[in-house]
Amino acid sequence: MNYLASRGCNLHILCMSTGNADGMGNVRKEELYLASVMLKVPQKQVKILDHPDLQDGFGKSWNSKLLSKIIKEEIANCDIDLVVTFDNYGVSGHCNHCDVHQGVRKLLQYTSHGEVEAWELISTNILRKYSGPVDIWLSILSAKFHLRGVVHCLLNEHPRRSLAAMAQHKSQWVWFRKLFVCFSSYTYVNCLKKIN
């Protein structure tokens, strides 16, 4: 997001759930608004859903047709021409992340070619995931020689801003998440692959 914002892209965030698995949905909603300001996304361009069929949690599967319908409406309402989402592993394997990926794929099946582009954040293996800025070089090489489609490697020129944004999620800002953000390669570099 830092990369895109620094290049003048008009960013919108669509969050499919308040994150109420632990009964803290209202708190987490406010935290996301605070984080979005740190990432230069105006609060009016952040939409957080609290749909009864899209409740957060492991073991709570989300319907890809419903997700596709919601995403399509948001694309039309906000004049979106490019969507960035999780890949089929969802960075951490969280089922809701994977479901969102499937929703975007479903959307593309029923959208005419060229109407909207979709890109997925490539999940990395555990060694690369925790290699911090060292992974920048591996990501660049991986993107350059990627055999299965177009890949863009986005460098985060403002990793401290990412850290500050994550710190806004005070209800989740525990020691192991602090370590994750510091040592996660995703803080420093993200590779996006076009979804065909």
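Reading the values: the criteria
- Residues numbered from 1 in each chain as written.
- Predicted model: local features only at pLDDT ≥ 70, side-chain atom pairs only at ≥ 80, totals over all residues.
- Heavy atoms only, no water.
- Helix = DSSP H or I, 4+ residues; strand = E, 2+ residues; numbered from the N terminus.
- Buried < 20%, exposed > 50% of the residue type's maximum accessible area, 1.4 Å probe, protein only.
- Pairing = 2+ DSSP bridges.
- Axes fitted to C-alpha atoms, helices over the stretch in contact; angles between N-to-C directions.
- Core = buried A, V, L, I, M, F, W, Y, C linked by side-chain atoms within 4.5 Å.
- Contact = heavy atoms within 4.5 Å.
- Patch = residues over 30% accessible without salt bridge, like charges linked within 9 Å, V, L, I, M, F, W, Y side chains within 5 Å.
- Areas by Shrake-Rupley, 256 points an atom, 1.4 Å probe, with all protein chains shown as cover.
- Salt bridge = Lys/Arg side-chain N within 4 Å of Asp/Glu carboxyl O.

K.L.:
Just checking my understanding: could you explain unusual backbone geometry for this structure?
P.N.:
Both trends apply: most residues other than glycine have a negative phi, and most peptide bonds are in trans. Unlike most non-glycine residues, Lys40 shows phi in positive territory, near 70 degrees. Locating Lys40 in the fold gives a position in the loop between helix H2 (25-38) and strand E2 (46-48). The exposure class of Lys40 is exposed, given its relative accessible area of 56%. Residue Asp79 is not a glycine yet carries a positive backbone phi of 55 degrees. Relative to the helices and strands, Asp79 resides in the loop between helix H3 (64-78) and strand E3 (82-86). On the basis of relative accessibility, which here comes to 70%, the residue Asp79 falls in the exposed class.

K.L.:
Hey, could you run me through the sheet that holds strand E6 (residues 189-194) in this one?
P.N.:
The strands making up a sheet are joined through hydrogen bonds of the backbone, oriented either antiparallel or parallel. The four strands lie next to each other as E3-E4-E6-E5, forming an open sheet whose pairing is mixed. Among the strands making up the open sheet, the edge pair consists of E3 and strand E5 (151-155). Between one strand axis and the next, the sheet turns by 30 degrees as a mean value, whatever way the strands run. Sheet topology note: the strand E4 (residues 117-121)/E6 ladder contains three bridges and is antiparallel. Each residue of the ladder has a partner; that of Glu120, found in E6, is Lys193.

K.L.:
Sorry, what's going on with the nonpolar core here?
P.N.:
Nonpolar side chains in soluble globular proteins generally cluster together in the buried interior. Of all hydrophobic cores here, the largest spans 18 residues; its most connected members are Met16, Leu54 and Ile75. When residues of this core are traced back to their parent elements, those giving at least two are H3 and helix H4 (95-109). Examining the composition of this core, we find that five residues originate from one element, H3, more than from any other. Discounting chain neighbours no more than four positions away, the residues touching Leu54 are Met16, Ser17, Leu49, Trp62, Leu66, Leu67 and Ile70. If you look at the next biggest cluster of nonpolar residues, it comprises seven residues, including Ile13, Leu32, Tyr33 and Ile48.

K.L.:
I would appreciate a short explanation of a nonpolar patch on the surface in the present structure.
P.N.:
Taken together, the side chains of Ile126, Leu127, Tyr130, Val174, Trp175, Phe176, Leu179 and Phe183 present a nonpolar region at the surface, about 900 Å² in accessible area. Per-element accounting of the nonpolar patch gives the leading share, four residues, to helix H8 (residues 175-183). Mapping Leu127 onto the fold places it in helix H5 (residues 126-129). A relative accessible area of 71% means that Leu127 is categorised as exposed.

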